[in-house]
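Secondary and tertiary structure notes
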Amino acid sequence: MVTVEPAAPGDADAVVDLWVALAAEQRRHGSHIRADTNRDAIRESLARHAADDGLTVARDDGAIVGFVRFAVERGPLTQDRTRGVVRDLYVVPERRDEGVGGRLLDAAEAALRDRGVAVVAVEALARNDDAIRFYERRGYRPHRIEFEREVENDKRPRRDR
């Protein structure tokens, strides 16, 4: 039976492997994040999120099968609404379509609501149709759209010609 609970401080190391799997999987959707080379940086971030109650895990028989990392958005600009941000949501492939991702997102939304947020933001890569459908089914709608293109420089020509 899967349980969803705040991560313990020692869970960050186990979640790092799942984050690396997430980052590697996202490469096929166009992510520029290098998975394994960011292991140390993400371990520190996950440990901070766990200490701040911003990391929730899904466990099955003690093994972590998914996680969500989230926080209240902070920045120098004043906004008219306090935003929570879900940074990462991941479920191991063999446990997908069992409701684990929904339970993780529910837990993150509840924790953020308890911290006074009025709106929750999530990101999905434009080519990740499964993630987009998941968030849309949960009531999320596009808020910002980010565009990018390669630029020509002295190291390589632009590919879109």
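Further up the page is the structure itself.
Below or above, wherever it landed, is the structure these notes cover. Numbering of residues starts from 1 in each chain and follows the order in which that chain's sequence is written. For a predicted model such as this one, the threshold for reporting local features is a pLDDT of at least 70, and the threshold for listing and counting side-chain atom pairs is 80 or more; totals across whole chains, interfaces and linings nevertheless cover every residue. The basis for every side-chain value is the complete set of non-hydrogen atoms in the structure, without hydrogens or water.

Examining unusual backbone geometry
Its identity is not glycine, yet Asp53 carries a phi of approximately 60 degrees, on the positive side. Note that Asp53 resides in the loop between α2 (39–51) and β2 (55–60). By definition, any uninterrupted DSSP run of H or I lasting at least four residues is a helix, any uninterrupted run of E lasting at least two residues is a strand, and each is numbered from the N terminus.

Concerning the pattern of salt bridges
Salt bridges are counted wherever a side-chain nitrogen of Lys or Arg sits within 4 Å of a carboxyl oxygen of Asp or Glu. Across all of its chains, the model carries 14 salt bridges by this definition. A salt bridge links Asp106 to Arg138, with the shortest nitrogen-to-oxygen separation between them at 2.3 Å. Taken together, the residues span a long stretch of sequence, with Asp106 in helix α3 (residues 100–114) and Arg138 in the segment after α4 (129–137) at a distance of 32 residues. Remark: exposure states derive from per-residue accessible area (1.4 Å probe, protein chains only) relative to the maximum for the residue type, with buried under 20%, exposed over 50%, and partly exposed in between. Assessed through its relative accessible area of 38%, Asp106 is described here as partly exposed. For Arg138, a relative accessible area of 29% corresponds to the partly exposed category. Between Arg133 and Asp130 there is a salt bridge, with the nearest N and O atoms lying 2.5 Å from each other. Of this pair, Arg133 and Asp130 both sit in helix α4, three residues apart, roughly one helical turn. Exposure remark for Asp130: the relative accessible area of 56% places this residue in the exposed category. A network of salt bridges, in which partner residues are shared, links Glu5, Asp11 and Arg59.

Points about the nonpolar core
The biggest cluster of nonpolar side chains holds 40 residues, and the ones touching the most others in it are Trp19, Leu46, Phe67, Val86 and Leu89. Residue assignment for this core shows that the elements contributing at least two residues are α1 (11–26), α2, β2, β3 (63–72), β4 (83–91), α3 and α4. Take this core: its biggest share by element is eight residues, from α1. Residue contacts are defined here by distance: any two heavy atoms, one from each residue, within 4.5 Å place the two residues in contact. Trp19 has contacts with Ile33, Arg34, Ala35, Asn38, Ile42, Leu46, Phe67, Arg69 and Asp88, leaving out every residue within four places of it along the chain. Only buried residues count toward a nonpolar core. Its members are Ala, Val, Leu, Ile, Met, Phe, Trp, Tyr and Cys residues joined through side-chain atoms within 4.5 Å.

Digging into the packing of α1 against α2
Axis lines are fitted to C-alpha atoms, over the contacting stretch for helices. Their N-to-C directions set the angle, which ranges from 0 to 180 degrees. With their axes 9 Å apart at the nearest point, α1 and α2 run at an angle of 130 degrees to one another. On the basis of their axis angle, the class for α1 and α2 is oblique. Seen from above, α1 lies across α2 with right-handed handedness. Contact with α1, carried on its side by Ala12, Asp13, Val15, Val16, Asp17, Trp19 and Val20, involves Arg39, Ile42, Arg43, Leu46 and Ala47 of α2 and no other residues of that element. Polarity classes work like this: nonpolar for Ala, Val, Leu, Ile, Met, Phe, Trp, Tyr, Cys and Pro, charged for Asp, Glu, Lys and Arg, and polar for all others, with Gly in that last group. Taken together, the residues that form the contact of α1 with α2 break down as eight nonpolar, no polar and four charged. Any angle between 65 and 115 degrees counts as roughly perpendicular, while under 35 counts as roughly parallel, over 145 as roughly antiparallel, and the rest as oblique. Two helices crossing with the near one rotated counterclockwise from the far one by less than a right angle form a left-handed crossing, whereas a clockwise rotation gives a right-handed crossing.

Remarks on the environment of His143
Inspection of the secondary structure puts His143 in the segment after α4. Distance in space between the C-alpha atoms of His143 and Val122 is 9.6 Å, their sequence separation being 21 residues.

Quick look at the pairing of β2
In terms of burial, β2 is a largely internal element, five of the six residues being buried. Here, a strand pair is defined by DSSP locating no fewer than two bridges between the strands. Relative to β2, strand β1 (residues 2–6) runs antiparallel, the two being bridged by five bridges. Bridging from a neighbouring strand, Glu5 pairs with Val57 of β2. Note that β2 and β3 share six bridges and pair antiparallel. Within β3, the residue paired with Thr56 across the bridge is Val68. Between β2 and β3, which pair antiparallel in sequence order, lie two residues; one of them, Asp61, sits at a positive phi of approximately 55 degrees.

Note that all results are geometric; they support no functional claim without further evidence.
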